[in-house]
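# Fold and contact review
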Amino acid sequence: MSLIARTTFLLSTLAVVAACGEKKAENTMADTTAMAADTTAMAPAEAAPLTDPNIVYILDQASASDSARGALAKTKATSKDVQDFGKMMVGEHHGLRTAGLDLAKKLSVTPMAPAGDQSEAMAAQEMSVLESTAKGAAWDKAYIDYEVTYHQAVLETATKALGIAQNQELKDLITTAAPVIQKHLDRALELQKKISAM
């Protein structure tokens, strides 16, 4: 599966997860049909709304996978800028993950994957592709391109989760995390532009 196909599938998966919490039944079938056409993966027409444990899980998985990719970038990227970006991903996503898990513990919330969630499998697949891709400028470009797309999807998902979350402290955590995710997206976009100009 190409990087573009994987990224499209990831975005569709995140969009399905985020859409699960919205109560717009009239759009569900159309959205599902469009996503199925793009990814050949059919989402259920009637998905249960997201719960706070689902939201905690989604945010935790996003930070865990981004931190893991960042650790790989620290050693595999050839550009110092991309290595530094990887270091930032490790440190800041570790911080976001710790804050989320601490809040879950405080609230006695056990993170739970939404029905049909494939985020762990997708993260593992993307790591496998990045690990098997040769070190060099092409690796740097593939990683940054993926990070741009990924952070766009995570930011969109976090925004939707903010409107769905029931617990105020979870809403506060999302509100605190959103500017960090936006900062990562902005930096990834800068790097993408810089790499494309080379």
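Residues numbered from 1 in each chain as written. Predicted model: local features only at pLDDT ≥ 70, side-chain atom pairs only at ≥ 80, totals over all residues. Heavy atoms only, no water.

## Some remarks on the nonpolar core
To be explicit about the condition: Remark: nonpolar core denotes a set of buried residues (Ala, Val, Leu, Ile, Met, Phe, Trp, Tyr, Cys) joined through side-chain atoms within 4.5 Å. Three exposure classes are used, based on accessible area relative to the maximum for each residue type with a 1.4 Å probe and protein chains only: buried under 20%, partly exposed in between, and exposed over 50%. Here a helix means four or more residues in a row that DSSP labels H or I, a strand means two or more in a row labelled E, and each is numbered from the N terminus.
In terms of nonpolar packing, the biggest core is built from 25 residues, with Val82, Phe85, Trp139, Tyr143 and Ile144 touching the most fellow members. Of all the secondary structure elements, the ones that give two or more residues to this core are helix 3 (52–76), helix 4 (80–107), helix 5 (119–132), helix 6 (137–164) and helix 7 (168–197). Core analysis: the second largest hydrophobic core is formed by 14 residues, Tyr57, Ile58, Ala165 and Ile174 among them.

## Considering helix 7
Rules: In this analysis, the expected span of each helix is defined as 1.5 Å times one less than the number of residues it contains. Working definition for bend: take the seven residues up to and ending at a residue and the seven starting at it, fit an axis to each, and measure the angle between the axes. Contacts between residues were defined by any pair of non-hydrogen atoms, one from each residue, lying within 4.5 Å.
Across its 30 residues, helix 7 extends 44 Å between first and last C-alpha, which sits within 8% of the 44 Å expected from 1.5 Å per residue. Considering bend angle alone, the principal kink of helix 7 is centred on Ala177 and spans about 25°; proline Pro179 follows within four residues of it. Those residues of helix 7 that sit buried are Leu170, Leu173, Ile174, Ala177, Ile181, His184, Leu185, Ala188, Leu191 and Ile195. Against helix 3, helix 4 and helix 6 lie the buried residues of helix 7.

## Observations concerning the side chain of Lys76
Convention followed: Charge counting treats Lys and Arg as positive and Asp and Glu as negative, with His and both chain ends excluded. By convention in these notes, a salt bridge is any Lys or Arg side-chain nitrogen within 4 Å of a carboxyl oxygen on Asp or Glu. Nitrogen and oxygen atoms within 3.5 Å of one another constitute a polar contact, given that in protein one can donate a hydrogen and the other can accept it, and given that sequence-neighbouring residues count only through two side-chain atoms.
Inspection of the secondary structure assignment puts Lys76 in helix 3. Of the side chains with opposite charge, Glu131 lies nearest to the buried Lys76, which makes no salt bridge, at 7.6 Å. In terms of polar contacts, Lys76 uses its side chain to reach the backbone carbonyl oxygen of Leu130, at 3.0 Å.

## Quick look at the confidence of the model for the protein
Our working definition: Scored from 0 to 100, pLDDT records how confident the predictor is in each individual residue.
On average, residues of the protein score 81 in pLDDT, and 76% of them reach the 70 mark or higher. The low-confidence segment residues 1–46, where pLDDT is below 50, has 58 contacts with residues more than four positions distant or belonging to other chains.

## Some thoughts on the pattern of salt bridges
Enumeration according to the criterion identifies twelve salt bridges in this entry. The shortest N-O distance in the salt bridge between Asp66 and Arg69 comes to 3.1 Å. Taken as a pair, Asp66 and Arg69 lie in helix 3 at a separation of three residues, close to a single helical turn. Notably, a salt bridge pairs Arg187 with Glu190, separated by 2.9 Å at the nearest N-O pair. Pair noted here: Arg187 and Glu190 are both in helix 7, with a separation of three residues, about one helical turn. Taken together, the shared-partner salt bridges connect Asp81, Arg187, Glu190 and Lys194 into one network.

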